[in-house]
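# Structure assessment
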Amino acid sequence: MPVWTDIEQSTSAMVQALYAWWMAHQGDAGIPDRSALWPGDIIKLLPFMFLAELEAEPFRVRYRLVGTKAVALTGFDFTGRYLDELQRVPAEVPWADYYKMVAETRRPLLGAVTVPAKAGGTFRYEFGIFPLTLGGTEVRQFIAIEDYFDFELGSAQWAR
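Here goes a summary of the coordinates provided. Note that the structure is predicted; figures quoted are calculated from it, not measured.

As a further point, take the pattern of salt bridges. Under the definition given, this model contains 6 salt bridges. Two residues, E53 and R64, come together in a salt bridge whose shortest N-O distance is 3.2 Å. Of this pair, E53 sits in strand β2 (residues 49-55) while R64 sits in strand β3 (residues 60-66), placing them 11 residues apart in sequence. What makes R64 partly exposed here is its relative accessible area of 38%. Between E92 and R88 there is a salt bridge, with its nearest N and O atoms 2.7 Å apart. Its relative accessible area of 53% is what places E92 among the exposed residues. One connected set of salt bridges, linked through shared partners, spans E53, R62 and R64.

Parameters at a glance
- Residues numbered from 1 in each chain as written.
- Predicted model: local features only at pLDDT ≥ 70, side-chain atom pairs only at ≥ 80, totals over all residues.
- Heavy atoms only, no water.
- Salt bridge = Lys/Arg side-chain N within 4 Å of Asp/Glu carboxyl O.
- Helix = DSSP H or I, 4+ residues; strand = E, 2+ residues; numbered from the N terminus.
- Buried < 20%, exposed > 50% of the residue type's maximum accessible area, 1.4 Å probe, protein only.

Fair warning: the whole summary comes from geometry, so function is off the table for now.
And the structure:
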């Protein structure tokens, strides 16, 4: 799965918009604080977004909120669940590694994923994972977004 840190490589307007929000709200810590995240600023992105929290030892990611479009596509609301509970071993997409990289570098990570669809064939989507602080300087949460482009959510969910 290709990943990158240069926003110029992203073709997703939604990933670019969340990146612009993240850059504009960095503050003194160089990372936006969770308190800067005002839903009205990014209302069109909300159905495609995730809010996750970091547990450092051992490293775990728990999804606090999952956007309605992600739930519709996967057919599963994983709000309140841990990433490691949701992935097969070995993971097809190394999401834990991606989140760990974001936590360690304190920078967004962007990329593209191609997955099989239940109706046959594949579809490609782009994502962005962005670190957040919680009243300090440490990475404690993440906001993420997945852009499914024009994929028909009702006709062909991805195969799990």
